[in-house]
Amino acid sequence: MSATRYRRFLKLCEEWPRDEYKKGRDLGTFLGQRVASAFREGENTQISDPEKCDQMYESLARINGNIYRQRFPRVRDTSFTGVTVEECKLLLSGSVQQMDDEKKGLWKTLMERFSKSPEDVPEKAPEK
């Protein structure tokens, strides 16, 4: 019976959409990793709680099948902030974080400009 569950989870992982903007950190990748860790022995894995396993599969299948999106349609595809879906994808992609890392803030620029290493500062002559 665990072989059937394993195959169903594998099929679900294959069907789960991947987000090209979030390579390696999207929900589909995470689910694949969780399935691999839960079924370490593949079809021969012994499941301690089959009912819970079936319940998790059914919940994930409903999410993947957009059951709740169809049951509760949205009027607009924006959030309370007014950000569109495309803008959200851009923000979550990580490319904005990379741009922020490349741009230095005013404080960092000033600190680098005015901070001097100890060898750059001439030593004071002892006062008499």
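Preceding this paragraph is the structure being described.
Reference entry: report on the structure contained in this document. Bear in mind that the values here come from a model prediction, so they are computed numbers and not experimental data.

**What about helix α3 (residues 50-64)?**
Working step 1: For α3, with 15 residues, the first-to-last C-alpha span of 21 Å sits near the 21 Å given by 1.5 Å per residue.
Working step 2: Taken as a whole, α3 has its buried residues at Cys53, Tyr57, Leu60 and Asn64. Looking down the long axis of α3, one finds its buried residues gathered within 70° of arc, a one-sided arrangement. Looking at α3, the residues exposed on the side facing more than 90 degrees away from the buried face are Glu51 and Gln55.
Working step 3: Tucked inside the fold, the buried residues of α3 contact α1 (2-15) and α2 (27-38).
Working step 4: At the C-terminal side of α3, Asn66 shows a positive phi close to 55°.

**Side note on the packing of α1 against α2**
Working step 1: The N-to-C vectors of α1 and α2 enclose an angle of 165°; their axes lie 9 Å apart at closest approach. The angle between α1 and α2 falls in the class roughly antiparallel. As α1 packs across α2, the resulting crossing turns out to be left-handed. In this structure, α1 uses Phe9, Leu10 and Cys13 to contact α2, whose residues at the interface are Leu31, Gly32 and Val35.
Working step 2: When its residues are assigned to classes, the contact of α1 with α2 shows five nonpolar, one polar and no charged.

**Brief notes about the nonpolar core**
Working step 1: Grouped together as the largest cluster of nonpolar side chains are eleven residues: Tyr6, Phe9, Leu12, Cys13, Trp16, Leu31, Val35, Phe39, Cys53, Tyr57 and Leu60.
Working step 2: When residues of this core are assigned to their parent elements, the largest contribution, four residues, is made by α1.
Working step 3: Excluding its chain neighbours within four sequence positions, the residues that come into contact with Trp16 are Leu27, Gly28, Leu31, Leu60, Ile63 and Asn64.

**Brief notes about the packing of aromatic side chains**
Centre distance and the angle of the planes are the two values used to describe a pair of aromatic rings.
Working step 1: One pass over the full model with this rule turns up three aromatic pairs.
Working step 2: Pairing Phe9 with Phe39 gives two aromatic rings, centres 5.7 Å apart and planes at 45°, and the pair type is tilted. One end of the pair, Phe9, is in helix α1; the other, Phe39, is in the loop between α2 and α3, and 30 residues separate them in sequence.
Working step 3: On the basis of relative accessibility, which here comes to 7%, the residue Phe9 falls in the buried class.
Working step 4: With a relative accessible area of 7%, Phe39 lands in the buried category.
Working step 5: Taken together, Tyr6, Phe9, Phe39 and Tyr57 form an aromatic cluster joined through their ring pairs.

So, how was this worked out
Residues numbered from 1 in each chain as written. Predicted model: local features only at pLDDT ≥ 70, side-chain atom pairs only at ≥ 80, totals over all residues. Heavy atoms only, no water. Helix = DSSP H or I, 4+ residues; strand = E, 2+ residues; numbered from the N terminus. Expected span 1.5 Å × (residues − 1). Buried < 20%, exposed > 50% of the residue type's maximum accessible area, 1.4 Å probe, protein only. Arc of directions from axis to C-beta. Contact = heavy atoms within 4.5 Å. Axes fitted to C-alpha atoms, helices over the stretch in contact; angles between N-to-C directions. Parallel < 35°, antiparallel > 145°, perpendicular 65-115°, else oblique. Left-handed = near helix turned anticlockwise from the far one by under 90°. Nonpolar A, V, L, I, M, F, W, Y, C, P; charged D, E, K, R; others polar. Core = buried A, V, L, I, M, F, W, Y, C linked by side-chain atoms within 4.5 Å. Phe/Tyr/Trp six-rings, centres within 6.5 Å; stacked < 30°, edge-to-face > 60°.

That's the geometry; what it means functionally is another story.
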